[in-house]
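One letter stands for each residue in the lines below.
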Amino acid sequence: MDLDRALQRLFGDDEPEHVGSGWLSGTLAVFLGTLGLGAVACLRWPQLLTSPEVRALLPLPLVRATIELVIGVAFLLGLLSTLLRRRKVLGATGMALALLAGGGGGGQVPLPGALPATPVYLGLDWFLLNILLLTLLFIPLEKLWPLHRRTVFRPGWTTDAVYFFVSHLLVQGSTLLTLMPATVFFRWAVTPAVQGTVRGLPAVLQFVACAVVADLTEYAVHRLFHRLRWLWPFHAVHHSSQAMDWLAGSRLHVVDVVLTRGLTFVPLFLLGFDTAPLYAYLVFVSLHAVFIHANVSWTFPRWVEALVVTPRFHHWHHAIEAEAIDKNFAVHFPWIDRLFGTYYGPPGQWPAGYGIAGNPVPEGFAAQLVYPVRPGR
Ligand SMILES: [Zn+2]
Ligand SMILES: [Zn+2]
């Protein structure tokens with residue numbers, strides 16, 4: 001909780017947080033100012049801080065305009081907060097970050113024409129892009145249809161934010177480790193005839209097949225993480241969240257991520273799906289995985305809940321209730337759990353709480369990283 005305490009000491013006060021108190025404008029100013037400064041750093045040191053795949057995806061003029069807008073709004077909101085709030089540190093920090101980003105060149109930092117490939121890079125651009133899109137999408141959803149009324153800054157949020165940051169920053173390593181088991185150990189099993197048949201299927205069918213095959217593997221790996229005593233502590237980290245929201249799904253131990261993704265990719269690699277349906281599936285996974293953890297009270301018609309995983313289904317997987325333990329392993333299709341007898345979901349009901357009985361996993365990214373291998377755990 002050290003980061004939590006540091007932020008509380010820096011920004012915390014006993015003033016109210018309602019609209020008009022300068023809290024929201026100040027918090028947004030710090031958030032946007034940080035994003036703006038990060039984006040300017042990406043423009044200044046693109047070889048070190050950005051990934052070639054993300055660079056190729058983003059239209060530069062739009063990126064530049066967005067950076068200018070973010071910096072400008074951060075400054076104005078910071079100013080507004082300093083006018084509204086007795087303690088000025090939130091607003092002043094937002095303004096200072098915006099000024100630093102502007103002074104660093106803003107959205108107009110020139111780029112060299114062609115960037116030579118770098119062997120090692122960080123995905124700061126990947127992080128900025130995702131945090132901006134996901135907060136824009138999920139914070140309003142969770143405010144409009146909350147399952148539990150609470151702020152973004154609930155206990156444990158800094159831990160999850162660090163997971164989100166680190167996993168995006170290290171995108172190069174995690175992609176490499178995802179592809180490795182398939183490409184290194186299973187290249188011998190590639191069958192051109194099978195791959196030809198798969199690629200002959202319409203793209204929509206390939207997308208669905210991709211999701212089904214991936215979820216069958218994920219189901220098996222997920223169940224092993226729950227079943228095997230030596231594997232469970234790595235996955236227990238994911239279950240240690242006592243609050244479910246869009247950010248809570250980020251809490252995944254590196255061993256959990258690498259094993260699950262690496263093994264899930266093996267059948268996808270062998271079946272040789274076309275790039276378009278495979279990439280469409282990757283976009284779907286990344287949004288769906290965030291959605292099923294979200295703090296939204298949505299319930300869907302019975303047939304939808306039987307067909308695809310909804311927040312209610314996955315919230316039961318995280319439930320503290322004894323009858324829900326070791327249930328609902330599927331990530332996309334709940335009927336896989338029905339098929340194997342591990343389905344749980346009393347109609348219309350939500351869990352009373354989340355986490356692991358006795359709360360054995362410590363709080364904080366570093367403590368959770370070593371938790372599974374700590375002697376005398
Ligand atoms: Zn689990
Ligand atoms: Zn989960």
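Coordinates for the structure precede this section.
All values derive from a computational prediction rather than experimental measurement.

Peer 1: Run through the side chain of threonine 217, naming residues and quoting values.
Peer 2: Mapped onto the fold, threonine 217 is located in helix H11 (residues 203-227). Of the residues examined, threonine 217 reaches a relative accessible area of 17% and is grouped as buried. Excluding residues within four positions of it along the chain, threonine 217 makes contact with Leu263, Thr264 and Pro267.

Peer 1: Explain the coordination of the zinc ion (ligand 1) to me, using residue names and the numbers behind them.
Peer 2: Coordination of the zinc ion (ligand 1) by the protein involves His222 (NE2), His226 (NE2), His235 (NE2), His239 (NE2) and His317 (NE2), with metal-donor separations of 2.0 to 2.2 Å. Summarised as a motif, the one-chain spacing of the donors to the zinc ion (ligand 1) is H-x3-H-x8-H-x3-H-x77-H. Residue histidine 222 is located in helix H11, and its partner histidine 239 is located in helix H12 (residues 232-239); the two are separated by 17 residues in the primary sequence. The two residues histidine 222 and histidine 239 agree in class, both being buried.

Peer 1: So what's going on with empty space enclosed by the protein? Which residues, and what values?
Peer 2: The tally for this structure, following the rule as stated, stands at two cavities of 30 Å³ or more. Counted as a void, the largest cavity has a volume near 90 Å³. Lining the largest cavity, in full, are Ile139, Glu142, Lys143, Arg150, Thr151, Val152, Asp245, Trp246 and Asn295. For the lining of the largest cavity, a count of residues per class yields three nonpolar, two polar and four charged. Residue lining of the second largest cavity: Glu305, Thr310, Arg312, Phe313, Trp316, Asn328, Tyr343, Tyr344 and Gly345, and that is the complete set. Counting residues per element, the lining of the second largest cavity draws most heavily on helix H16 (residues 311-317), at three residues. Tallied by class, residues from the lining of the second largest cavity come to four nonpolar, three polar and two charged.

Quick notes on the rules
Residues numbered from 1 in each chain as written. Chains lettered and ligands numbered in written order. Predicted model: local features only at pLDDT ≥ 70, side-chain atom pairs only at ≥ 80, totals over all residues. Heavy atoms only, no water. Helix = DSSP H or I, 4+ residues; strand = E, 2+ residues; numbered from the N terminus. Buried < 20%, exposed > 50% of the residue type's maximum accessible area, 1.4 Å probe, protein only. Contact = heavy atoms within 4.5 Å. Donors = N, O, S within 2.8 Å, 3.2 Å for Na, K, Ca; no water. 1 Å grid on protein atoms, 1.4 Å probe; cavity = no way out; pocket = protein on both sides within 12 Å on 5 of 7 lines; lining within 4 Å. Points joined across faces, edges and corners; volume = space filled by probe spheres on them. Nonpolar A, V, L, I, M, F, W, Y, C, P; charged D, E, K, R; others polar.

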